[in-house]
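Spelled out from the first residue to the last, the chains are:
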Amino acid sequence: MRIKNYLKFGIGFLFVLGLGSCIDKDYDLSDIDGTARFTLKELTVPMNMDYITLSRVLDLPEDSKVIEEKDAGGNTFYAIKIEGTFKSDPIEISNFKAAKPNIDGKTTELDLVDLRTAVGYIGEVTAYYDISSEPTTFKSQTNHFDKSLKYIEKLGVNATFSNTLKISGFNANTLKNVKIEGLKLKYPKGLTVETEKGTYDAKTGVFDLSNEVIVPDGNGNIEISIKVTEIDATQDNVKIDYENRSLVYEDNFNVIEGRVNIYADENLPDKVTFITKPEISEIEMVEFTGNLEYNSDEFDIEPIDISGIPDILSQTGTVIELENPQLYMNLKNPLAEYNVYFQTGLKLTAIRGDKSAEYEPDVNIVKTKKGEADKNEFVLAPSMPEVLYTGYTDPQFVQFSSMKKLLAEVDGIPNEIKVEAVNPVMPEQRVEKFKIGVKREEVEGSYAFYTKLILTKDSKIKYTDNMDGWCKEDLEKTTIQKLNINTNITSEVPFDVELSLRPIDKMGNLIEGVKTNSVKIPAYAKDYPIETIMEGNIQYLDGIKIDAHLINTDDKTALDPEMKIYFNNFKAKVSGHYDTEL
């Protein structure tokens, strides 16, 4: 408020000067009561008060969350602008293992086929033994794989499948001339393998070493091993129970065919013993291809803290509606490399002490773009803003009609607005070679809450200020019984103002027992005359307390810091009595 105080009573001086000229100096007045009381009737006290501005009413600090903004036309308005961050817990889908199974070996007797007895024999191989074996079955299983795995098509694994073959019955000299040739083995089907020798057929499980010449060691042992990198979980040898999250891997090993060829003219036994001993290591599942669904149960979003809004806006009766409030969000998708998207619902809760009110978007879903890591921008608002918040270029629009009432449904502006993710999830989607057992970054991002401040109908803002410094020597001797204040009001405020003036003493306290009236000033008043009358025993008057209630009369009034209420021809008329020493 700009105030110019021209209060110049000079009452005592005027009365003493006037009376002194009527008294004879020869009289002895020492025994006469020298106190005199003079009646004052509507003594006009000139003074001036320029104007009140809303910017003074709010008096915003530099770090205020209520800021002054200008639109494209240069018009100033008040707005709330609050920024924050959010993130989920780190994304981690646990890996799992299938236990190493116990597999029984098989023992077979091999019969000698001696080529030397054949008519016209010519060749290096003197004899051979045909190889084959009965299947030996194994079962490997795991329980409680991660619930995020909704459908498993393939499993990337770390595992070794091997088969140890042993031939016994030859003497040491003969064993040096033994070679295994034309060997074909049956391994579990549906594998992806790494091997230095032979070829593996995933459809049949046949491991073909027929083009290889295999020489046993000095004890007649042959180790045939392959590294398994992937298991096809769609094969009938994999049984998955998704409800109980268990997996059973069951198949068999056997030798399909092959020969033990002898390259020496030795005495040979009619039969030799052939032993097969398959072995599977622990199967560690490290990645998978299939359908994944990931729920981000823990999602931490900073609340929209508006506790710093000036008290004058948060008092009871100040109901503020938001003109197209906007909540901007930018989400980072740490799984974008797998061409998937995340989505979440949102809930805003306006909290005022023990009272709260909840709000949700019209269609409660915020969805990132598939395969987009960083530029997942959203704006939640009743309608798409014409001008976007700084830093946002092409946000997806999510309609949120009820957000207009965010500050309006319970008395007083809330202390904070709690932002909650509702069912944040990566919905079930197909992924390829998704690594499990790896801790990834969080689903994280930032938000900005931005809105103009709009008073709703019947909203009230109460402005209070003191106009003081009046109490000079003359007023200390004056008892005012009636104080009339007259002024003409010109108002730039687009709503009514209810004005009340009350007297205060030198301590700034209201003087009790004084009756006063309030006056109502219409919106956009021009030179509107008002009179305020204060009646009672008013002593030691030092000024007046001004209470101005700004009462909105429409449904869409933006708060403008440049709005002014002018006080023209401000005059005070005093009636009462003045006591002085003669």
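Given the structure is predicted, the values throughout are model-derived calculations rather than measurements.

Examining the overall build of the chain
Here's step 1: Each helix and strand counted, the chain has five helices and 38 strands in total.
Here's step 2: When the 582 residues of the chain are sorted by exposure, 46% land in the buried category.
Here's step 3: With an accessible surface of roughly 29,000 Å², the chain has 44% of that area assigned to carbon and sulfur atoms.

Details of the pairing of strand S32 (residues 496-504)
Here's step 1: Burial analysis of S32 places seven of its nine residues in the buried class, which makes it a mostly covered element.
Here's step 2: Here S32 pairs with strand S34 (residues 518-521) via four bridges, running antiparallel. Along S34, the bridge assignment pairs glutamate 498 with lysine 520.

Considering the side chain of glutamine 429
Here's step 1: Note on placement: glutamine 429 falls in strand S28 (residues 416-435).
Here's step 2: Judged by relative accessible area, glutamine 429 falls into the buried class, the value being 7%.
Here's step 3: Looking at glutamine 429, its side chain comes within polar contact range of the main-chain oxygen of proline 427, at 2.9 Å.
Here's step 4: In this view, glutamine 429 contacts Gly290, Asn291, Leu292, Asn339, Val340, Tyr341 and Lys370; residues no more than four positions away in its chain are not counted.

Side note on the nonpolar core
Here's step 1: Residues Phe161, Phe170, Val260 and Ile283 are the most contacted members of the largest nonpolar core, which totals 92 residues.
Here's step 2: With eight residues, strand S10 (residues 149-168) is the largest single contributor of residues to this core.
Here's step 3: Every residue in contact with isoleucine 283, bar those within four places of it in the chain, is listed here: Phe96, Lys97, Ala98, Ser140, Val157, Asn158, Ala159, Phe161, Ile231 and Tyr249.
Here's step 4: Judged by nonpolar contacts, the second largest core, of 30 residues, contains Trp470, Val497, Ile521 and Val574.

Focus: the pairing of strand S24 (residues 355-359)
Here's step 1: Pairing of strand S23 (residues 343-352) with S24 involves five bridges; the strand directions are antiparallel. Bridge assignment links leucine 348 to a residue of S24, and that residue is tyrosine 359.
Here's step 2: Between S23 and the antiparallel strand that follows it, S24, lie two residues; glycine 353 among them carries a positive phi value of about 60 degrees.

Remarks on the confidence of the model for the chain
Here's step 1: A residue-level look at the chain finds 79% of positions with pLDDT of 70 or above and a mean pLDDT of 82.
Here's step 2: This stretch, residues 1-35, has a pLDDT under 50; its non-local contacts, to residues over four places away or in other chains, come to 55 contacts.

Things to note about unusual backbone geometry
Here's step 1: The residue lysine 433 is not glycine, and still its phi comes out positive at about 50 degrees.
Here's step 2: As for its placement among the helices and strands, lysine 433 is situated in strand S28.
Here's step 3: The partly exposed category is assigned to lysine 433, whose relative accessible area is 46%.
Here's step 4: Phi is positive for aspartate 527, close to 45 degrees, though the residue is something other than glycine.
Here's step 5: Its place among the elements puts aspartate 527 in the loop between S34 and strand S35 (528-539).
Here's step 6: You can call aspartate 527 partly exposed: its relative accessible area is 47%.

Some points on the pattern of salt bridges
Here's step 1: Under the defined criterion, the tally for this structure stands at 20 salt bridges.
Here's step 2: Glutamate 293 is the salt-bridge partner of lysine 150, the closest N and O atoms lying 4.0 Å from each other. Taken together, the positions of lysine 150 in strand S10 and glutamate 293 in strand S19 (residues 283-295) put the pair 143 residues apart, joining distant regions of the chain.
Here's step 3: Here lysine 150 falls in the partly exposed class, since its relative accessible area comes to 33%.
Here's step 4: Between lysine 184 and glutamate 257 there is a salt bridge; the shortest N-O distance is 3.8 Å. Placement of the pair is lysine 184 in strand S11 (residues 178-186) and glutamate 257 in strand S17 (residues 246-262), with a sequence separation of 73 residues.

What to know about a negative patch on the surface
Here's step 1: On the surface, a cluster of negative charge is contributed by Asp89, Glu298, Asp300 and Glu302.
Here's step 2: Here glutamate 302 falls in the partly exposed class, since its relative accessible area comes to 38%.

Examining the side chain of threonine 490
Here's step 1: Looking at where threonine 490 falls in the secondary structure, it is placed in strand S31 (residues 478-491).
Here's step 2: Looking at threonine 490, its side chain comes within polar contact range of the main-chain nitrogen of aspartate 527, at 3.0 Å.
Here's step 3: Those residues in contact with threonine 490 that lie beyond four places of it in its chain are Ala525, Lys526, Asp527, Lys564, Ile565, Tyr566 and Asn568.

Things to note about the packing of aromatic side chains
Here's step 1: For the structure on display, the rule yields 16 aromatic pairs.
Here's step 2: Centroid distance phenylalanine 288 to phenylalanine 434: 6.3 Å. Interplanar angle 65 degrees. Geometry classified as edge-to-face. Taken together, the residues phenylalanine 288 in strand S19 and phenylalanine 434 in strand S28 connect sequence positions 146 residues apart.
Here's step 3: Owing to a relative accessible area of 0%, phenylalanine 288 belongs among the buried residues under this scheme.
Here's step 4: Residues tyrosine 328 and tyrosine 392 carry aromatic rings whose centres are separated by 5.0 Å and whose planes lie at 45 degrees to one another, so their mutual orientation is tilted. One end of the pair, tyrosine 328, is in strand S22 (residues 320-332); the other, tyrosine 392, is in the loop between strand S26 (376-381) and strand S27 (396-399), and 64 residues separate them in sequence. Like tyrosine 392, tyrosine 328 is buried.

Some remarks on the environment of glycine 218
Here's step 1: On the secondary structure map, glycine 218 appears in the loop between strand S14 (206-214) and strand S15 (221-232).
Here's step 2: The class of glycine 218 is exposed, set by a relative accessible area of 68%.
Here's step 3: With 45 residues separating them in the primary sequence, glycine 218 and asparagine 173 have C-alpha atoms 9.8 Å apart.

Overview of the environment of glutamate 124
Here's step 1: The topology assignment puts glutamate 124 in the loop between strand S7 (106-114) and strand S8 (127-130).
Here's step 2: Along the backbone, glutamate 124 and isoleucine 262 are 138 residues apart, and their C-alpha atoms lie at a distance of 8.4 Å.
Here's step 3: In this structure, glutamate 124 is in contact with Ile262 and Tyr263, ignoring residues within four places of it in sequence.

Conventions and cut-offs
Residues numbered from 1 in each chain as written. Predicted model: local features only at pLDDT ≥ 70, side-chain atom pairs only at ≥ 80, totals over all residues. Heavy atoms only, no water. Helix = DSSP H or I, 4+ residues; strand = E, 2+ residues; numbered from the N terminus. Buried < 20%, exposed > 50% of the residue type's maximum accessible area, 1.4 Å probe, protein only. Areas by Shrake-Rupley, 256 points an atom, 1.4 Å probe, with all protein chains shown as cover. Pairing = 2+ DSSP bridges. Polar contact = N/O pair within 3.5 Å; in protein donor to acceptor, adjacent residues only side chain to side chain. Contact = heavy atoms within 4.5 Å. Core = buried A, V, L, I, M, F, W, Y, C linked by side-chain atoms within 4.5 Å. pLDDT = per-residue confidence, 0-100. Salt bridge = Lys/Arg side-chain N within 4 Å of Asp/Glu carboxyl O. Patch = residues over 30% accessible without salt bridge, like charges linked within 9 Å, V, L, I, M, F, W, Y side chains within 5 Å. Lys, Arg positive; Asp, Glu negative; His and termini not counted. Charge placed at Lys NZ, Arg CZ, Asp CG, Glu CD. Phe/Tyr/Trp six-rings, centres within 6.5 Å; stacked < 30°, edge-to-face > 60°.

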